[in-house]
Amino acid sequence: MFFTRRAALAITLVACCFACYSGGDVGQGFEIPYVKYTLDNGLDVVLHEDHSDPIVAIATLVHVGSNREVPGKTGFAHFFEHMSFNDSENVPRGANRKMIGELGGTRNGGTWTDGTIYYEVVPKDAFEKLLWIDSDRLGFMINTVSEWALENEKQVVKNEKRQRVDNRPYGHTRTVIPSLLYPEDHPYNWPVIGSLEDLQAATLDDVREFYDRWYGANNATLVIAGDIDVEETRALVERWFGEIRRGPEVEPLPPMPVTLETTKSVFHEDTFAKLPEVRMVFPTVEEYHDDSYALDVLGLLLSDGKRAPLYRVIVEEQKLAPSAAAYQSASELAGNFTVQVRANADVDLDAVRSAIDTALERFEKDGFLDKDLARIKARQETDFYASVSSVLGKAFQLAAYNEYAADPGFVGEDVRRMQAVTREDVMDVYRRYVKDQHHVMTSFVPRGKPELAVEGAERAHVVEEKIVQGAEKKIAADPNFEYPRTETKHDRSEPALSATPVPRLPEIWSADASNGMRVQGIEHDELPLVQFELWIKGGHLLDPSEKSGAAILLADLMQEGTASKTPEELEDAIGELGASISVSAGREGVVLAADGLARHYDALLALVTEMLLEPRWDQSEFDRLKSAQLTGIRQSETDPQAVASRAFHRLLYGDDHIFSRPTEGTLQTVESISIDDLKTYYANNLSPSVTSFNVAGAVDRERVLGSLADLERRWKAKEVEFPSYPVAAAPEKPAAYFVDVPGSKQSVIMVGSLALDGRHEDFNDLQYANNRLGSGSSARLFQLLRIEKGYTYGAGSRVPRRGEIAPFQAVSSVRANVTLESLRLFREQLANYEATYTTQDLDTTKNLLTKQATRRFETLGSLMGVLENIWRFDLPLDFIERDRRELADLTLEDVHRTIRTYIDESRMVYVVVGDGETQKARVGDLGYGKAIELDVHGRPTRGS
């Protein structure tokens, strides 16, 4: 996986991870209790005890990213991350991806410009087993790399690029922008994923050379956080990591900020873009530079909020786009500041560019209000606490601070610098880095519409990969592949599991309000935070068919002020609390959700109550939001994943069911919605009788029940009518459908049929039955299509939990020229699943699901999920324990019956979205007749 370090390490504005609070302002009185030491081989080790849950997180950060590569050998850091998960000398092949999941854990890795991180969370009984796996990966994997493994992983990485870059709207900005912003000899000139030509040319000697140079113990930080004993852990770390070799010394790279001698403007006709987009990217400074903190604030002041000049000019006044963004991206060596606007359909980007200039001139002239700066800093406090909600987050932050700030305790200084930003600092960085400064400007426009690009832009250099049938190098895996074993002092055999941990189940309370509203809560006072929501049943399910998309539009409008507060005043009121409030709508509900500091709970609830009971019904805001929704729908028509989902749901549910229509609606249905339609939806469908107030955090039952008196008194119950929709009859035999997206480098595959609803007595059994088929990287579909074949970046299957009947669906995005081969593998796995499902599969499922419960209730978000499920699916308060007993009693016959009933390949539909010219005819060779062609809305095309 490749991404930016901020995304990889969950570093937000406050980028902090603390565990102790002794009062005072943010950054004052906080600390991370940690122990740091260095092994003789140079490995930095940071330990953090957190006994909240019986789980342990490990993060290994190797200080090598794409910035250590050289032209001609780009993409190696990311490629090596992939290779590291495959095999090592003393751990069974594939254990990194398979065993950790089967132990009840989760794992992944990521590479960015400045580093590579490997991370896992496991129940504490698997802690030493994880040390064994991780240490073997870091120190003893290179001898196991074979020619087959090398070539197979090349295809996986190519698939990742196709999925994240080639087949994604605006994806090629990842390549275009750095190549123009940085000189050819700068370490940030190329994308993290590198050049496909470089990747294809990589040899075994290249891989070994990269490992020998960068993967020494002295170039890494190991962080262990969770339910550990420090002294015992030190001994275990010495045993498992102490013998890893020390590598060559790695000199730190100095900051390398750049300047541009001229503005560079380029355009690209994007196959997958339906909307024109402009980005202006200014070179700035590296992370932890004093100016970087002020640039972070500048981005928020320019684009976040109703008073932000980019929003005011581009969105409200000139109505050129649904939103605008500005942000600082800082890395180890340099940074950049981006202004980004994805415009409405057919908007000339010259007009957008002019509007950006107008907004910046207004900012320079008018500046900003003190309360906007205060709002940003207030939110920092809430974000600060939220960043400590998981042990994995703590591990990430400790590792990042140790490697990039040379101090795992840098958090105090980091926050101090953030809070020290002044008005003068913000205006200073604006003048020095943005005002009248040269920059890179990209115009990405829909294919066939180059006239929308900024005038004078030159065509960007974009390499479009050609997918040729059978072009990939085929090397068979050698089951007898032998490699030299490294001699070690300690026995590196697999350690045993320790005592099975007991999950700490949340204590759930429930009550009924006088107006018919359910009230449910979980007190969780580890941090001074609270999350709560009003979960109102209905959502898209209650949309009139001809007004599909109304629920989402209503939810958006309810966030735009109240009867007594303008949108700007409401935003200020929320911002002063350092909180967030959102209103959203999905297939089966409308949700008003809030999170903030527990001390602000009552004030936050008052605002939510006002938003619910006193909507503003502002026509101008309605018009803006409706336009934005239409813009989003247009863009989704070229998103292969969205196109596949629309077709899949239309085929399964049939035209008469509301779920055959997208939750956001269609261009036709949204165009027909008026503000009066939203008032009707609001009046008919929002009632306490179909609502649960769910709350988790540092507030107790008595406080919650007392706080709801005003809402109980003012919000009167009404009867809400829920429609009963017929569903399409299941097909008598499988059928294949194809949606043409010309030039697509991948094919999106969705296979499935309608199964059951979330209240059905078989729902849990189907989840259990599906586990070994498609749930996670240890399941069959992932292991076959990615690990064995290298056809895809990921594959899986699931049954979403819904009040209405929901589908079983198996999905993947595969390399275009193996579309048919992948379909055959899906068919084989699905058709033979019952016959091949064994007692061992059942035992594995029981073990991993039981162990997963240890990390199921760690965060407020996970606790809110528990409460939502109780409400939506009429579950008893002790459903967690009941589910545990049900899993323990599950038999092989139960699973076989469930597979036979709900995973019946003979009645499934196959949906493929890809390049019709090269793949449609091949799909017909699956054996289910000629593929029926659908349009992007899932309707049969003429002649189909």
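Before reading on, note that the structure itself is shown above.
Since we're looking at a predicted model, the values are computed, not measured.

S.K.: Where do I start with the sheet that holds strand 13 (residues 440-446) in this structure?
M.R.: The sheet built from six strands is open, its strands ordered 11-12-10-13-9-14 with mixed pairing. With partners counted over all chains shown, the strands left at the sheet margins are strand 11 (325-330) and strand 14 (458-459), one partner each. Across seven bridges, strand 9 (residues 264-270) lies against strand 13 in parallel orientation. What sits directly across from F267, in strand 13, is S443. Strands strand 10 (277-284), strand 11 and strand 12 (335-342) of the sheet are contacted by helix 10 (residues 290-303), whose axis makes an angle of about 165° with strand 11.

S.K.: For this particular structure, what's the right way to read the packing of helix 2 (residues 76-84) against helix 5 (residues 147-166)?
M.R.: Helix-helix packing is described using two parameters, namely the angle between the two axes and the distance between the axes. Interhelical geometry of helix 2 versus helix 5 gives an angle of 120° and a closest axis separation of 10 Å. Regarding the angle of helix 2 to helix 5, the classification is oblique. As for how helix 2 packs across helix 5, the hand of that crossing is right-handed. Counting all contacts with helix 2, which are made through H78, F79, H82 and M83, the residues of helix 5 involved are A149, L150, E153, K154, V156, V157 and E160.

S.K.: Help me out: how do you make sense of the side chain of S813 in this one?
M.R.: Here S813 shows up in strand 24 (residues 806-815). S813 gets classed as buried once you look at its relative accessible area, which sits at 5%. Of note is the side chain of S813, whose polar atom sits 2.8 Å from the side chain of Q641.

S.K.: Sorry if this is basic, but what is going on with the packing of aromatic side chains here?
M.R.: Aromatic ring pairs are described here by two measures, namely the spacing of the ring centres and the angle between the planes. One pass over the structure, following the stated rule, counts 19 aromatic pairs. Aromatic pair F363 and F368: ring centres 6.2 Å apart, planes at 10°, arrangement stacked. Residue F363 shares its accessibility class with F368, and that shared class is buried. In this structure an aromatic cluster arises from ring pairing among F76, F80, F210, Y211 and Y215. For R423, the ring lying beneath its charged end belongs to F368, and the centroid distance is 4.3 Å. In this arrangement the basic side chain of R801 is found over the ring face of F873, its NZ or CZ atom lying 4.8 Å from the centre.

S.K.: Looking at this structure, I do not really get the pattern of salt bridges. What am I missing?
M.R.: Pairing is possible between side chains of opposite charge, provided their charged atoms come close. In this structure the tally under the stated criterion is 67 salt bridges. The closest approach of N and O atoms between R703 and D602, which form a salt bridge, is 3.1 Å. Taken together, the positions of R703 in helix 24 (residues 701-707) and D602 in helix 19 (residues 601-613) put the pair 101 residues apart, joining distant regions of the chain. On the basis of relative accessible area, R703 is assigned to the partly exposed category, the value being 29%. The exposure class assigned to D602 is partly exposed, which follows from its relative accessible area of 40%. Between R624 and E621 there is a salt bridge whose closest N-O contact spans 2.7 Å. You can see R624 and its partner E621 sitting in helix 20 (residues 619-636), three residues apart, about one turn around the helix. Like R624, the residue E621 is buried in the burial classification.

Here is what the cut-offs are and how they apply
Residues numbered from 1 in each chain as written. Predicted model: local features only at pLDDT ≥ 70, side-chain atom pairs only at ≥ 80, totals over all residues. Heavy atoms only, no water. Pairing = 2+ DSSP bridges. Helix = DSSP H or I, 4+ residues; strand = E, 2+ residues; numbered from the N terminus. Contact = heavy atoms within 4.5 Å. Axes fitted to C-alpha atoms, helices over the stretch in contact; angles between N-to-C directions. Parallel < 35°, antiparallel > 145°, perpendicular 65-115°, else oblique. Left-handed = near helix turned anticlockwise from the far one by under 90°. Buried < 20%, exposed > 50% of the residue type's maximum accessible area, 1.4 Å probe, protein only. Polar contact = N/O pair within 3.5 Å; in protein donor to acceptor, adjacent residues only side chain to side chain. Phe/Tyr/Trp six-rings, centres within 6.5 Å; stacked < 30°, edge-to-face > 60°. Lys NZ or Arg CZ within 6 Å of the ring centre and 35° of its normal. Salt bridge = Lys/Arg side-chain N within 4 Å of Asp/Glu carboxyl O.

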